[in-house]
Every structure is written in C-alpha cells, then in structure tokens.
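# Chain and residue survey
The lines below spell out each chain.
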Amino acid sequence: MNARTLLLLALTWPLMAQAGGGKLLLTGGVSSIDGAAGGGLTPWALTGSYAAEGEWGATAFVSRAHTSNYGLTVTGAALAWSDRLEVSIARQDFNAADNLAPLGLRGLHLKQTIVAAKLRIAGEAVLDADTLMPQVALGLEAKRVDAAALNPTLTGALGAKRDGIDLYASATKLFLAPGVLVNGTLRLTKANQNGLLGFGGAQGAGYRLMPEASVAWLANRHVAIGAEYRAKPDNLNRSVLGTGALKEDDWWDVFIAWAPSKTVSLTAAWVALGRIAPAVQPRRQHGAYLSLQLAY
C-alpha cells in the first residue's frame, strides 16, 4: 500500500467507520434478483453486508419489478463471513398474468428457488484501490423452478430441465478517488430466462459462457448511480413452437441506490428485459424495479 492509498483511506475513514467493519457505504452492493450481492441483475465480487475480517454480516431484501405485461417479486437473505464468503437464498415469483392464456395458462405463476454461494479468492476492493488488481470471486447458484401447469410442456415438448446450476467468476474494481466501481462477470449457464423457463432445451441443452457488466458512480457517501448489462443464452430460440417463438433477449438497466445508513438501502431502476415468450406476447418488456435491503 503506497502513500496515495494511505491518504485516500485517511480521508474516507469517517465513511468507513459509519458503514461499520471498514467498508464504505454501498460498496457491498445491493441484493441481485438471484440473491447474491451486486447490482440488481448481476453479482459482483464483493460480499454483502458490512462484515469485515473476522466478522459475520447478514442482509435481507424484497424486490419488485413490473414491466409492460409481467411482474416479478423476489425475497431473500444472505449471510457473509469475514468479507470472504457469502451464502444466500432467494425466492422468485414471476406473474405471467393472462399473457399465456392462448396456451390455456391464464394467471400462471412461475416460482423459482435459488441457493447460492460466493467466495472471494483474490484482491480487496478498497486496499487495492491504487493498483490494477480487482477483487475476484467465484460463485455458484443452484436453481429449481416450479412452472405449475407449464411443467409438462417445459420438460416434455421443450426438453428443458427444472433444475440447473450457474457458475460464475466476477472481478470488481473500485477506483476510490473518483468513486467509480466497475464489475465484469462471466457466467456459465444454460438457464432460460434466468431459470424461470427451465434449463437447456431439446435444441440447445449445453452450457454457454455469457458476459455481464456493471458500472456505478458513488455520487456521495449515500448515493450510487449506474447501469448493468446481462447477456442471455437463448437456448429456446429454436423449439417445437417454431424459430423465435421463445427467443430470449439480453437484459439491461439503469439504477440509483440510496443508503441513508448502513442498515437500510433502497434501489430504483428502469429495466429492459426484451421479449419474453414473443409467440404469445411480442411486446418488449420495459418497466420499473424497486428493491429494499436491510443489512447488519
């Protein structure tokens, strides 16, 4: 650690003391829709809560997204140890409303449970702020979806599975002086619509490596503004329903996160999820996202 980093840490130490455990407010990220700490759509290498070396921390969250035709509610919690290990659980409830009525599936809810773990293997976001070394973590997300009346079609005609595992590697770099955080994630996945439409398919059952990215500007010690992008594997683009009938588009968002204290943060975003099951609902899905997180 050189003199420049020591000076930056000295200037920001009151913020870290207020956040607790030697971590700046908001640099633990918020809770993603899969439960892991990061942005709303993609995980970061940072662990959730404000637990530092030798400490335990915990978070709990509830998120709601509402697009042109669909709704998604997510609840979850995470436990972190020593700013190195994070385990989390999330429950997703996707409300398809009457969009699948042509298939006889009026009022369908797709529900998914995600149990995840993340391990920091290198780097430390704040202490390495004056170098090019990012914080690096490896993660695993085990998912199981209950598609209700759609289950027979999902596992039969479409050839998808109801269980799947995503593996990812994230690298997060914090530029302390300008207050900019950059994250890149590579995800090995075969999830369709993040798993809500199962995993793999008769025409594309294998794993694919998909990129994800986030950038956030810490406008002040309480507010972060940023954007995210998440590429999708599009396994069901060719299916028995015809080419393009279940085409999967990439996701992106722009967000603002506000943390009035270390215990509470609120994230609002504009999300763009592309087309979801365009055979029955061709409109592109844009809408609002709101998430409340409690941290200890």
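### As for the nonpolar core
- If you look at the biggest cluster of nonpolar residues, it comprises 35 residues, and the most contacted ones within it are Phe94, Leu108, Leu110, Leu150 and Leu154.
- Elements that contribute at least two residues to this core include exactly β3 (56-67), β4 (71-81), β5 (85-97), β6 (108-122), β12 (251-261) and β13 (264-275).
- For Leu154, the contacting residues outside a window of four places in its chain are Val145, Ala147, Gly159, Ala160, Leu197 and Gly198.
- Among the nonpolar cores identified, the runner-up in size contains 15 residues, and Leu26, Val30, Ala125 and Ala259 belong to it.

### Remarks on a nonpolar patch on the surface
- Together, Trp56, Leu79, Trp81, Leu85, Val87, Leu119, Ile121 and Leu138 make up an exposed nonpolar region whose accessible area comes to about 710 Å².
- When contributions to the nonpolar patch are tallied by element, the ones reaching two or more residues are β4, β5 and β6.
- The topology assignment puts Ile121 in strand β6.

### Here we look at the pattern of salt bridges
- If you walk through the whole model with that rule in mind, you get 16 salt bridges.
- The closest approach of N and O atoms between Glu212 and Arg230, which form a salt bridge, is 3.4 Å. Taken together, the residues span a long stretch of sequence, with Glu212 in strand β10 (residues 208-220) and Arg230 in strand β11 (residues 223-230) at a distance of 18 residues.
- We classify Glu212 as buried; its relative accessible area is 3%.

### Overview of the sheet that holds β6
- Pairing in this closed barrel of 12 strands is antiparallel, and the strands run β3-β4-β5-β6-β7-β8-β9-β10-β11-β12-β13-β14 around the ring. This sheet shows a mean twist of 20 degrees between the axes of neighbouring strands, independent of strand direction.
- In the sheet, β3 pairs with β4 via 11 bridges, with the strands oriented antiparallel. Bridging across to β4, Trp56 finds its partner in Trp81.

### Section: empty space enclosed by the protein
- Under the defined criterion, the tally for this structure stands at six cavities of 30 Å³ or more.
- As a volume, the largest cavity reaches approximately 130 Å³.
- Along the walls of the largest cavity sit 19 residues, with Val30, Gly38, Trp44, Phe255 and Ala257 positioned nearest its centre.
- When contributions to the lining of the largest cavity are tallied by element, the ones reaching two or more residues are β10, β11, β12 and β13.
- Classifying every residue of the lining of the largest cavity gives 11 nonpolar, six polar and two charged.
- Of the volumes computed, that of the second largest cavity is approximately 80 Å³.
- At the level of secondary structure, the elements contributing two or more residues to the lining of the second largest cavity comprise β12, β13 and β14 (284-295).

### Description of unusual backbone geometry
- Unlike most non-glycine residues, Ala97 shows phi in positive territory, near 50 degrees.
- As for its position among the elements, Ala97 is in strand β5.
- Classification of Ala97 by relative accessible area gives partly exposed; the value is 28%.
- Although it is not a glycine, Ala277 adopts a positive phi angle of roughly 50 degrees.
- Relative to the elements of secondary structure, Ala277 occurs in the loop between β13 and β14.
- Judged by relative accessible area, Ala277 falls into the buried class, the value being 10%.

### Some remarks on the side chain of Thr172
- Inspection of the secondary structure assignment puts Thr172 in strand β8 (residues 163-175).
- Only 2.6 Å separates the side chain of Thr172 from the side chain of Asn183, close enough to count as a polar contact.

### Here we look at the packing of aromatic side chains
- Summed over the entire model, instances satisfying the criterion amount to two aromatic pairs.
- Between Trp56 and Trp81, the aromatic rings sit 4.9 Å apart at their centres with planes inclined by 40 degrees, giving tilted as the arrangement. You can see Trp56 sitting in strand β3 and its partner Trp81 sitting in strand β4, a full 25 residues away along the chain.
- Judged by relative accessible area, Trp81 falls into the partly exposed class, the value being 32%.
- In this arrangement the basic side chain of Lys173 is found over the ring face of Phe175, its NZ or CZ atom lying 5.7 Å from the centre.
- The ring centre of Trp251 lies 3.6 Å from the NZ or CZ of Lys232, which sits over that ring.

### Examining the environment of Gly38
- Tracing the backbone through its elements, the reader meets Gly38 in strand β2 (residues 37-38).
- Residue Gly38 is classed as buried on the basis of its relative accessible area of 0%.
- As a C-alpha pair, Gly38 and Asn183 span 145 residues in sequence and 8.9 Å in three-dimensional space.
- Contacts of Gly38, omitting those with residues within four sequence positions, involve Gly28, Gly29, Val30, Pro43 and Trp44.

About the thresholds
- Residues numbered from 1 in each chain as written.
- Predicted model: local features only at pLDDT ≥ 70, side-chain atom pairs only at ≥ 80, totals over all residues.
- Heavy atoms only, no water.
- Core = buried A, V, L, I, M, F, W, Y, C linked by side-chain atoms within 4.5 Å.
- Buried < 20%, exposed > 50% of the residue type's maximum accessible area, 1.4 Å probe, protein only.
- Helix = DSSP H or I, 4+ residues; strand = E, 2+ residues; numbered from the N terminus.
- Contact = heavy atoms within 4.5 Å.
- Patch = residues over 30% accessible without salt bridge, like charges linked within 9 Å, V, L, I, M, F, W, Y side chains within 5 Å.
- Areas by Shrake-Rupley, 256 points an atom, 1.4 Å probe, with all protein chains shown as cover.
- Salt bridge = Lys/Arg side-chain N within 4 Å of Asp/Glu carboxyl O.
- Pairing = 2+ DSSP bridges.
- Axes fitted to C-alpha atoms, helices over the stretch in contact; angles between N-to-C directions.
- 1 Å grid on protein atoms, 1.4 Å probe; cavity = no way out; pocket = protein on both sides within 12 Å on 5 of 7 lines; lining within 4 Å.
- Points joined across faces, edges and corners; volume = space filled by probe spheres on them.
- Nonpolar A, V, L, I, M, F, W, Y, C, P; charged D, E, K, R; others polar.
- Polar contact = N/O pair within 3.5 Å; in protein donor to acceptor, adjacent residues only side chain to side chain.
- Phe/Tyr/Trp six-rings, centres within 6.5 Å; stacked < 30°, edge-to-face > 60°.
- Lys NZ or Arg CZ within 6 Å of the ring centre and 35° of its normal.

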